[in-house]
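The chain contents come next:
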Amino acid sequence: MKNPLDSLWGTVISGVVLTAILYYVVRTFLN
Amino acid sequence: MDFVPAVARWVHFMAGIMWIGLLYYFNFVQVAALKAAAADGTAAGITKHVAPRALYYFRWAAVVTWLAGAALLGSQFVPAFTLSKGMAGIGIGAWLGTIMLFNVWGLIWPNQKKILGLKPATDEEKNKARRVAFLASRTNVMLSIPMLFFMAGGWSHRALFGI
């Protein structure tokens, strides 16, 4: 599998996905 | 001492803009520019004159950003980093910023020194250093996205966090 960080779009999409995951964690478990 | 948070926030923003601005410059501009410049033999202009200066401001802006952020948190420093109730959002932002600072000083800068010839390295070591520095830099771009979401989580985010 290609590393998503090798492309700029892959990096940005990974960042947005990570944002959504962390937001869910904060909202559900830590807020 | 009421002026400390205001000055800390001001410095945190200025240094943060310089840090993340240069991070985006490296990733969105310089990587592609170096590839094109290497093809027509003009890469030295970037590696000799631009990259060392950009890296200098990049790595020290990272330190100033973190220190000003810590000053801004003040007595909320420990509650933020332990993700205490009501502090989890800014705490996640602070942790992401801290990981990014370690990436700058622990991975990007030591490997860039080899790439730019500031530290002796064989061609094989330089190639490895290029890959490590590249991935650490791209990791920081990825981390900057949630970092800015949580750092900038002010009143505009109240609906998202159910406040």
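Bear in mind that the values here come from a model prediction, so they are computed numbers and not experimental data. (Residues numbered from 1 in each chain as written. Chains lettered and ligands numbered in written order. Predicted model: local features only at pLDDT ≥ 70, side-chain atom pairs only at ≥ 80, totals over all residues.)

Caption draft 1: Spotlight on the overall build of chain B. Regarding its fold elements, chain B presents five helices and zero strands. Put simply, chain B runs from its N terminus to its C terminus through helices and strands in the order α-α-α-α-α. Within the span of chain B, comprising 163 residues, buried residues form 31% of the whole. Contacts in chain B between residues far apart in sequence, at least 24 positions, make up 71% of those at least 6 positions apart. (Helix = DSSP H or I, 4+ residues; strand = E, 2+ residues; numbered from the N terminus. Buried ≥ 20, exposed ≤ 12 C-beta atoms within 10 Å, placed from the backbone. Contact = placed C-beta atoms within 7 Å.)

Caption draft 2: Just the overall build of chain A, in detail. When helices and strands are tallied, chain A shows one helix and zero strands. Counting the 31 residues in chain A, one finds 13% classified as buried.

Caption draft 3: Molecular detail of the environment of Asp 40 of chain B. All names here are of chain B. As for its placement among the helices and strands, Asp 40 is situated in the loop between helix 1 (3-39) and helix 2 (43-73). Judged by the 7 C-beta atoms lying within 10 Å of it, Asp 40 falls in the exposed class. Along the primary structure Asp 40 and Thr 82 are separated by 42 residues, whereas in three dimensions their C-alpha atoms are 51 Å apart.

Caption draft 4: Expanded view of the nonpolar core. Residue and element names in this part refer to chain B. Counting 33 residues, the largest nonpolar core has Trp 19 and Leu 23 as the members making the most contacts within it. Contributing elements (two or more residues each) for this core: helix 1, helix 2, helix 4 (88-115) and helix 5 (123-151). The element contributing the most residues to this core is helix 5, with ten residues. (Core = buried A, V, L, I, M, F, W, Y, C linked by C-beta atoms within 7 Å.)

Caption draft 5: Fine view of the environment of Phe 81 of chain B. Residue and element names in this part refer to chain B. Residue position: Phe 81 is located in helix 3 (residues 77-81). A sequence separation of 61 residues divides Phe 81 from Ile 20, and the C-alpha atoms of the two residues are 21 Å apart. Once you skip the residues sitting within four places of it in the chain, Phe 81 turns out to touch Gly 91, Ala 94 and Trp 95.

Caption draft 6: Local environment of unusual backbone geometry. The phi dihedral of Leu 83 of chain B falls on the positive side, at around 55 degrees, and the residue is not glycine. Note that Leu 83 of chain B resides in the loop between helix 3 and helix 4.

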